[in-house]
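Letter by letter, the chains look like this.
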Amino acid sequence: MSPVHLIMLTGGFALGGVAGFLMHRSDYCVAGMFRDLFLFRSTLMIKTLLLLIALSLTLFELIRLSGAVAVPFPFFGPPSAVNVLGGFLFGIGMVLAGGCVVGTLYKLGAGSFPSLLAFLGLVIGSTLYAWLHPWWIGVAKAAAFPTRAVTLPQLLGLSPWLLVLPLSLLLAGLLVRWFRGRAMETAMVVDGYLQPWKAAVGLALVGVVSVLLIGMPMGITTSYAKFGAMPLQWLAPEIYGTLAYFTLLPLRYTPPLGGGTLTGGPGALLDGVALVQFPLIVGIVAGSAWSAFRLREWRMHFNLPWRQVLSALLGGMLMGLASRMAPACNIWHLLGGLPILALQSFLFLAGLLPGAWLGSVLLTRLVMVR
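The structure displayed is predicted, hence computed values, not measured ones.

Notes on the nonpolar core
Counting residues in hydrophobic clusters, the biggest one holds 104 residues, and the most contacted among them are Tyr28, Phe34, Phe90 and Met94. For this core, the element with the most residues is helix H3 (residues 44–66), which contributes 10 residues. Apart from the residues lying within four places of it in its own chain, the contact partners of tyrosine 28 are Met23, Met33, Met45, Thr48, Leu49, Leu52, Tyr106, Pro196, Ala199, Ala200 and Leu203.

Right, here's the structure in full:
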């Protein structure tokens with residue numbers, strides 16, 4: 001392993017640890033944000049999400065202007081209608097699972113058994129997608145928009161700062177108003193609790209460091225397919241060998257620190273995807289676990305209603321499948337794609353909102369019943 005790769009590995013673990021700690025201390029769960037919005041009309045956490053996006057929007061553009069990192073980031077591509085459908089299915093799954101792909105990890109680190117079930121569901125769903133891939137890639141091509149543009153500025157033929165500047169000013173005005181009206185804080189706090197807006201600022205900085213160190217924002221969902229591919233290759237190598245999805249290498253880029261071209265994909269290899277995403281995953285779980293132990297809150301309860309067990313497992317499976325269909329997850333699109341005005345991310349959000357609403361309806365009518 002080269003010194004650059006070692007720095008990326010240790011840096012990714014550290015960034016994951018900070019993110020896991022911040023999320024646990026503030027209960028910063030994107031799935032919970034949308035669930036609370038639809039079930040309780042609570043907008044506090046959505047406001048903090050806008051704060052996170054606004055900061056990332058400005059900071060990512062400054063990084064682009066500096067020439068330190070290429071934008072758009074790896075993995076982003078031209079838009080397709082499947083981005084909407086993937087976002088819709090993902091929104092349903094994350095609410096039923098009780099957490100998104102990252103929320104599942106930090107809650108798992110704190111000892112949540114439903115999150116363990118959701119994690120297993122994510123791996124299963126991501127692996128099952130391999131059988132659908134040949135058909136789905138045809139659907140994605142047929143539903144592709146007639147453009148090769150990846151971002152809104154590219155589509156409009158404008159320099160990104162011409163859109164980033166007015167958007168940043170608009171969001172800044174909203175945020176200042178909310179802060180003055182104390183709409184960004186909750187009065188219900190306990191020892192060790194971190195106000196969500198502070199976590200949002202911290203997570204925006206984590207995203208910036210990730211871009212400077214790794215060359216892209218936080219993203220982990222390809223690894224869920226790798227987690228499924230590894231035992232499949234060992235237990236059923238003849239089946240694994242027939243699945244073309246596991247031979248793909250969608251990642252091909254040179255990190256900002258150098259070290260040569262990194263390649264990787266969903267197959268059972270310790271490749272560039274593993275180097276970038278595995279440390280982040282382990283770090284999120286470890287950071288949350290450390291926070292929970294420090295607060296003496298770590299515990300795992302296995303006595304759950306059967307409806308909650310099924311909801312967590314099936315919701316995780318749906319998220320895993322949808323994250324491959326979309327492609328990618330809410331964290332990738334909301335915290336990485338929207339700040340660079342990626343067209344795929346706008347479409348993903350357009351599907352995520354009604355999906356989260358439907359997931360909330362299903363949660364109350366089928367899961368949270370007595």
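Back to the text.
Some remarks on the layout of surface pockets
By volume, the largest pocket is sized at about 960 Å³. Phe75, Ile137, Pro250, Pro327 and Gln344 are the residues nearest the centre of the largest pocket, which is lined by 41 residues in total. Contributing elements (two or more residues each) for the lining of the largest pocket: helix H4 (82–97), helix H6 (113–142), helix H9 (196–214), helix H10 (221–235), helix H12 (272–294), helix H13 (306–325) and helix H14 (330–337). Considering each element in turn, the lining of the largest pocket owes the most residues, 6 residues, to H6. By residue class, the composition of the lining of the largest pocket is 26 nonpolar, 12 polar and 3 charged. Computed from the structure, the second largest pocket encloses a volume of approximately 730 Å³. Lining the second largest pocket are 33 residues, with Gly98, Lys107, Ser112, Pro114 and Ser115 sitting closest to its centre. Elements with a minimum of two residues in the lining of the second largest pocket: helix H1 (3–26), H4, helix H5 (101–109), H6, H13 and helix H15 (343–367).

Re the side chain of histidine 24
With respect to the secondary-structure elements, histidine 24 resides in helix H1. Setting aside chain neighbours within four positions, we find histidine 24 in contact with Tyr106, Ala110, Ser288, Ser291, Ala292, Leu295 and Glu297.

So, the packing of aromatic side chains
Scanning all chains against the criterion turns up 16 aromatic pairs. Members of the aromatic cluster, each reached through a chain of ring pairs, are Phe119, Tyr224, Phe227 and Phe278. In this structure, lysine 47 is placed above the aromatic ring of tryptophan 178, and the distance from its NZ or CZ to the ring centre is 5.2 Å.

What about the packing of H4 against H6?
Contact pair H4 / H6: the axes reach a minimum separation of 14 Å and the direction vectors enclose 165°. With respect to their mutual orientation, H4 and H6 come out roughly antiparallel. Between H4 and H6 the crossing geometry is right-handed. Contact residues: H4 offers Val82, Leu85 and Ala97, while H6 offers Ala118, Trp136, Val139 and Ala140.

A few points about a nonpolar patch on the surface
A contiguous nonpolar patch, built from Leu62, Leu65, Leu155, Leu156, Leu158, Trp161, Leu162, Leu165 and Leu169 and spanning about 860 Å² of accessible area, is present on the exposed surface. Broken down by secondary-structure element, the contributors of at least two residues to the nonpolar patch are H3, helix H7 (152–156) and helix H8 (161–180).

Some details on the packing of H13 against H15
Look at H13 against H15: their axes get within 10 Å of each other, and the N-to-C directions meet at 155°. As summarised for this structure, H13 and H15 are arranged roughly antiparallel, according to the angle between their axes. At the point where H13 passes H15, the crossing takes the right-handed sense. Of H15, the residues touching H13 (which contributes Arg307, Gln308 and Ser311) are Leu363, Leu366 and Val367. Residues that form the contact of H13 with H15 fall into these classes: 3 nonpolar, 2 polar and 1 charged.

Re the pattern of salt bridges
As enumerated under the stated definition, the model contains 4 salt bridges in all. Glutamate 185 is paired through a salt bridge with arginine 182; the nearest N and O atoms lie 3.2 Å apart. For arginine 182, a relative accessible area of 61% translates into the label exposed.

Here's the deal with empty space enclosed by the protein
Take a probe with the size of a water molecule and roll it over the atoms, and the empty space left behind shows itself. Per the stated rule, a full pass over the model turns up 1 cavity of 30 Å³ or more. Volume-wise, the largest cavity comes out at about 50 Å³. Lining the largest cavity are Leu52, Ser56, Leu203, Gly207, Pro217, Met218, Ile331 and Leu335. Elements represented by at least two residues in the lining of the largest cavity include exactly H3, H9 and H14. In terms of residue class, the lining of the largest cavity is built from 6 nonpolar, 2 polar and no charged.

Side note on H1
Look at H1: 35 Å from first C-alpha to last across 24 residues, which is about the 34 Å you get at 1.5 Å a residue. Phi turns positive, to about 50°, at aspartate 27, one or two residues after H1.

Concerning H13
Quick reminder: α-helices carry 3.6 residues per turn. Residues three or four places apart thus point the same way. An ideal rise of 1.5 Å per residue puts 28 Å on 20 residues; H13 measures up with 28 Å between its terminal C-alpha atoms. Among the residues making up H13, those that are buried are Ser311, Ala312, Gly315, Gly316, Met319, Gly320, Ala322, Ser323, Arg324 and Met325. In this structure, the buried residues of H13 make contact with H4, H5, H6, H10 and H15.

Definitions and cut-offs
- Residues numbered from 1 in each chain as written.
- Predicted model: local features only at pLDDT ≥ 70, side-chain atom pairs only at ≥ 80, totals over all residues.
- Heavy atoms only, no water.
- Core = buried A, V, L, I, M, F, W, Y, C linked by side-chain atoms within 4.5 Å.
- Buried < 20%, exposed > 50% of the residue type's maximum accessible area, 1.4 Å probe, protein only.
- Helix = DSSP H or I, 4+ residues; strand = E, 2+ residues; numbered from the N terminus.
- Contact = heavy atoms within 4.5 Å.
- 1 Å grid on protein atoms, 1.4 Å probe; cavity = no way out; pocket = protein on both sides within 12 Å on 5 of 7 lines; lining within 4 Å.
- Points joined across faces, edges and corners; volume = space filled by probe spheres on them.
- Nonpolar A, V, L, I, M, F, W, Y, C, P; charged D, E, K, R; others polar.
- Phe/Tyr/Trp six-rings, centres within 6.5 Å; stacked < 30°, edge-to-face > 60°.
- Lys NZ or Arg CZ within 6 Å of the ring centre and 35° of its normal.
- Axes fitted to C-alpha atoms, helices over the stretch in contact; angles between N-to-C directions.
- Parallel < 35°, antiparallel > 145°, perpendicular 65-115°, else oblique.
- Left-handed = near helix turned anticlockwise from the far one by under 90°.
- Patch = residues over 30% accessible without salt bridge, like charges linked within 9 Å, V, L, I, M, F, W, Y side chains within 5 Å.
- Areas by Shrake-Rupley, 256 points an atom, 1.4 Å probe, with all protein chains shown as cover.
- Salt bridge = Lys/Arg side-chain N within 4 Å of Asp/Glu carboxyl O.
- Expected span 1.5 Å × (residues − 1).

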